[in-house]
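What the coordinates show
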Protein chains: 2
Amino acid sequence: MNDVEFKDLVRTWKDFPTNGILFKDINPLLRTPDSLNYLNEKLSNMCTNIQMNKIGAIESRGFIIGALLAMRLSKGLVLIRKEGKLPGPTIKQSYSIEYGTRIMEIQNDAILSGEKILIADDLLATGGSAIAAASLVEKLGGKVVGFVFIICLNYLEGMDKLRNHGYSVKSILEYD
Amino acid sequence: MNDVEFKDLVRTWKDFPTNGILFKDINPLLRTPDSLNYLNEKLSNMCTNIQMNKIGAIESRGFIIGALLAMRLSKGLVLIRKEGKLPGPTIKQSYSIEYGTRIMEIQNDAILSGEKILIADDLLATGGSAIAAASLVEKLGGKVVGFVFIICLNYLEGMDKLRNHGYSVKSILEYD
């Protein structure tokens with residue numbers, strides 16, 4: 001597998017989940033050992049020079065990226081979830097997405113003060129969920145050392161938004 | 001890390017997400033490289049003798065188990081998701097959970113006819129979601145070669161239910 005073959009596996013679906021959205025479908029990237037291994041290599045190579053304690057994985061597809069990275073880099077994995085999914089004391093943060101408003105949640109004891117967190121998700125669109133995840137990490141005293149994605153939709157300017165906040169951002173694929 | 005230390009990391013929260021549910025919280029198992037590595041070793045050791053083509057991962061925490069197993073065993077990963085999350089042609093299956101009814105979905109081209117699928121999730125309760133996932137795999141012509149979980153709640157009899165259907169079931173931890 002090479003970069004072109006990998007990118008060709010991504011499918012675009014029109015008007016999903018709502019009208020006007022061009023949805024990038026990463027499911028085919030996961031389906032074969034070859035493409036999954038390529039994904040894993042790319043992710044870990046992008047992140048080997050980043051100092052971190054834990055990976056913060058954004059629900060749901062970020063759990064896949066987060067699990068792969070945490071294992072490969074021998075780090076802890078922390079789940080940043082949709083509202084109502086995490087038991088025990090949590091903190092919450094609301095955010096806007098392309099098609100509505102959501103709330104994100106993290107367990108209070110998920111991150112220790114001073115820990116360095118790399119945040120992982122499958123796709124960067126407007127950056128709303130990424131900023132919300134960073135806010136949760138920082139409220140717990142953690143330091144966000146960067147973001148990693150499979151796909152960045154440059155035309156939605158999420159990468160600019162995150163970099164304007166001072167965050168480092170890496171993505172395997174970009175769409176202009 | 002040993003078996004007792006690993007099991008001690010699981011926390012039980014009363015009345016989450018609704019009254020009467022004792023919720024097993026696996027988040028602490030993921031948070032350190034030590035416990036995550038132990039989890040990964042246990043999962044892969046349980047599954048090395050099973051012949052499979054792909055891991056079928058049940059949303060959301062099953063994505064973590066599925067990603068770890070797929071990488072470790074060099075298999076493809078297929079996502080079995082909550083309704084409305086998967087683009088393109090899909091098939092659906094409804095099921096009952098401890099606290100309501102849900103619909104599960106899979107992409108039509110996720111599994112090829114005759115492929116052997118190991119289904120992964122974090123927790124086995126009544127087995128409703130597991131049976132629904134198996135049904136989706138079988139509707140696409142796949143063969144379910146077993147189930148793997150981190151936790152099985154024996155008192156909810158999901159393991160009996162799956163075994164009565166003829167499925168092989170493995171779980172790292174069991175609660176009577």
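Before reading on, note that the structure itself is shown above.
Now for a look at the structure at hand. (Residues numbered from 1 in each chain as written. Chains lettered and ligands numbered in written order. Predicted model: local features only at pLDDT ≥ 70, side-chain atom pairs only at ≥ 80, totals over all residues. Heavy atoms only, no water.)

**Things to note about the packing of helix H3 (residues 33–47) of chain A against helix H4 (residues 62–73) of chain A**
Residue and element names in this part refer to chain A.
- The N-to-C vectors of H3 and H4 enclose an angle of 65°; their axes lie 10 Å apart at closest approach. The chirality of how H3 crosses H4 is right-handed. Contact with H3, carried on its side by Leu36, Leu39, Asn40, Glu41, Leu43, Ser44 and Cys47, involves Ile65, Leu68, Leu69, Arg72 and Leu73 of H4 and no other residues of that element.
- Looking at side-chain class alone, the contact of H3 with H4 contains eight nonpolar, two polar and two charged residues. (Axes fitted to C-alpha atoms, helices over the stretch in contact; angles between N-to-C directions. Helix = DSSP H or I, 4+ residues; strand = E, 2+ residues; numbered from the N terminus. Left-handed = near helix turned anticlockwise from the far one by under 90°. Contact = heavy atoms within 4.5 Å. Nonpolar A, V, L, I, M, F, W, Y, C, P; charged D, E, K, R; others polar.)

**Structural notes on the relation of the copies chain B and chain A**
- The operation relating chain B to chain A is a screw motion whose rotation component is 180°, with 0.0 Å of axial translation and a residual RMSD of 0.0 Å. On the angle and the small slide along the axis, the relation comes out as a two-fold axis.
- Comparing interface residues between copies, 100% of those in chain B also lie at the interface in chain A; the contact surface is shared. (Least-squares fit on C-alpha atoms with pLDDT ≥ 70 in both.)

**Comments concerning the pairing of strand S3 (residues 54–58) of chain B**
All names here are of chain B.
- Of all five residues in S3, five are buried; the element is thus mostly enclosed.
- Residues Lys54, Gly56 and Ile58 of S3 are buried on one face, and the alternating residues Ile55 and Ala57, pointing to the opposite face, are buried as well.
- Inspection of the sheet shows S3 paired to strand S4 (residues 76–82) by five bridges, in the parallel sense. Note on S4: the bridge partner recorded for glycine 56 is valine 78.
- Handedness of the crossover is the feature at issue here: the chain leaves S3, passes through helix H4 (residues 61–73), returns alongside S4, and the resulting connection is right-handed.
- Pairing between S3 and strand S7 (residues 116–120): four bridges, direction parallel. Paired with alanine 57 across the two strands is alanine 120, which belongs to S7. (Buried < 20%, exposed > 50% of the residue type's maximum accessible area, 1.4 Å probe, protein only. Pairing = 2+ DSSP bridges. Right-handed = clockwise from strand over helix to strand, strands pointing away.)

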